[in-house]
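# Coordinate inspection notes
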Amino acid sequence: MRARNRKIETSDTDAINVSPLIDVVFILLIFFIVSATFVTLPGIEVTRPQAVTGKALEKNAVIFALSGENEIKYAGSTVQLDEIPALVEQASKDRGKPVVIQVDQWADASLLAKIVAQARKKSTDVSIATRKPRA
Amino acid sequence: MKRRLNQEPERTEINVSPLIDLVFILLIFFIVATSFVNEVGITPKHKDTASSSSNLEEPLSFDLPASGQLLQDGMVIGIDQVAPLVRSSSADKAPSVLVRVSPGARAGLATQVMDQAMLAGAQAVKLSPLAQ
């Protein structure tokens, strides 16, 4: 009975009203545009060292990785130590982005120290990515 | 013109289907491109050596030789002794710590030493490489 009534009401315009759908999709679109940061990932996954004082780092950062084979990775390719200041400056674009170094726990510590020293030439905020120890 | 008006007397709605298609494609692009990187880490701060006053006091230094040990003042210590040493070195002010690493030392150990020093309240932690 009810279905028949509705059928009669909407018999002449049987198109779905899509205006609310467009509204919702536009709001989602604007959210994702605003939240997009476009971080360049190093392209390898490392085993981070454990640290209890680790704090959440800024998301919009220049990320380097130091692999267990002592290779410095940036944006999917291996880079040399003396390229790091230019890469940081290029990626930071005068906005003073922080630098995050993802270091493998079996990598060479003196190489890590050299990377930190190189990155500090161009950025005041250089962090080492860690992981929380399992409680 | 007149004939078209006769054919569609009251249907003047804009067709929004291509608009929805376009907006959906944009939406999917931004969903895929958004990378939610949630990184946890330590930030060892150290004063640059421009200030002359910091040179007067010797920072507490730890050595990491290639053998994988942890030395403080020539003695082998464990990782759990770092925090008490940093605390006792200067009770009144925030101490500064220097971690000297040799080639061949493990980055995980160096990070743990810095972590323990910062846990004990060290303000300036510097990681410096030793020459070969």
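Here is what the cut-offs are and how they apply
- Residue positions are given per chain, counted from 1 along the sequence in the order it is written.
- The lettering of chains begins at A and the numbering of ligands begins at 1, in the order of writing.
- For a predicted model such as this one, the threshold for reporting local features is a pLDDT of at least 70, and the threshold for listing and counting side-chain atom pairs is 80 or more; totals across whole chains, interfaces and linings nevertheless cover every residue.
- Counting from the N terminus, the helices are DSSP H or I runs at least four residues long and the strands are E runs at least two residues long.
- Here the C-beta atoms are placed from the backbone, and a residue counts as buried if at least 20 other C-beta atoms lie within 10 Å of its own, exposed if 12 or fewer do, and partly exposed otherwise.
- Contact definition: two residues whose C-beta atoms, as placed from backbone geometry, lie within 7 Å.
- Start and end points for every domain follow an automatic or database-based domain assignment.
- A strand pair is defined by DSSP finding two or more bridges across the two strands.
- Where helices are involved, their axes are fitted lines through C-alpha atoms of the stretch in contact, as for all axes, and angles between N-to-C directions lie from 0 to 180°.
- Should an angle lie under 35 degrees it is considered roughly parallel, over 145 roughly antiparallel, and from 65 to 115 roughly perpendicular; all remaining angles are considered oblique.
- By convention the crossing between two helices is left-handed if the near helix lies anticlockwise of the far one by an angle smaller than a right angle, and right-handed if it lies clockwise.
- Here the term charged refers only to Asp, Glu, Lys and Arg, the term nonpolar to Ala, Val, Leu, Ile, Met, Phe, Trp, Tyr, Cys and Pro, and the term polar to all other amino acids, Gly among them.
- Throughout this description, the term nonpolar core refers to a group of buried Ala, Val, Leu, Ile, Met, Phe, Trp, Tyr and Cys residues whose C-beta atoms join them within 7 Å.

## Brief notes about the overall build of chain A
On a plain count of helices and strands, chain A comes out with 4 helices and 6 strands. Ordered by position from the N terminus, the helices and strands of chain A form the series α-α-β-β-β-β-α-β-α-β. Put simply, chain A has 135 residues, and 33% of those count as buried. Within chain A, counting contacts between residues at least 6 apart in sequence, those at least 24 apart form 72% of the total.

## Some remarks on the domain arrangement of chain A
Reports often express the size of an interface as the amount of accessible area lost when the parts come together. Domain annotation of chain A identifies domain 1 (2–35) and domain 2 (38–135). Taking only C-alpha atoms into account, the centre of domain 1 of chain A sits 47 Å from that of domain 2 of chain A.

## Quick notes on the sheet that holds strand 3 (residues 72–74) of chain A
Consider a sheet: its strands pair through backbone hydrogen bonds, and that pairing is either parallel or antiparallel. One open sheet holds the 7 strands; their spatial order is 1(A)-1(B)-6(A)-5(A)-2(A)-3(A)-4(A), and the pairing between them is mixed. The sheet is open, and its two borders are formed by strand 1 (55–56) and strand 4 (77–79) of chain A, each paired with just one other strand. By the bridge criterion, 4 bridges tie strand 5 (residues 99–103) of chain A to strand 6 (residues 126–130) of chain A in an arrangement that is parallel. From the neighbouring strand, V100 of chain A faces strand 6 of chain A, where its bridge partner is S127 of chain A. Contacting strand 2 (62–66), strand 3, strand 5 and strand 6 of chain A, helix 4 (residues 109–119) of chain A crosses the sheet at an angle of about 170° to strand 5 of chain A. Of the strands in this sheet, strand 2, strand 5 and strand 6 of chain A together with strand 1 (40–42) of chain B are in contact with helix 4 (residues 107–119) of chain B, which crosses strand 1 of chain B at around 75°.

## Observations regarding the packing of helix 3 (residues 82–89) of chain B against helix 4 of chain B
Residue and element names in this part refer to chain B. Relative orientation of the contacting elements helix 3 and helix 4 amounts to 45°, with a least axis distance of 8 Å. Here helix 4 runs oblique to helix 3, going by the angle between their axes. Crossing geometry of helix 3 relative to helix 4 is assigned as right-handed. Contact with helix 3, carried on its side by V82, A83 and V86, involves V113, Q116, A117 and L119 of helix 4 and no other residues of that element. Here the residues of the contact of helix 3 with helix 4 sort into 6 nonpolar, 1 polar and no charged.

## A closer look at the pairing of strand 2 of chain A
As a general feature of sheets, a regular strand has side chains that alternate between the two faces. Residues and elements named next belong to chain A. Of all 5 residues in strand 2, 5 are buried, a share of seventy percent or more. Residue alternation in strand 2 divides its side chains into two sets, V62, F64 and L66 and I63 and A65, and both sets are buried. Pairing between strand 2 and strand 5: 5 bridges, direction parallel. Directly across from A65, in strand 5, lies its bridge partner Q102. Between the antiparallel neighbours strand 2 and strand 3 lie 5 residues, among them N70 with a positive phi of about 60°.

## Considering the nonpolar core
If you look at the biggest cluster of nonpolar residues, it comprises 51 residues, and the most contacted ones within it are L66, I101, L112 and I115 of chain A together with V99, A110 and A117 of chain B. Those residues within four positions of A117 of chain B in sequence are excluded, and the remaining contacts are V82, V86, V97, A122 and V125 of chain B.

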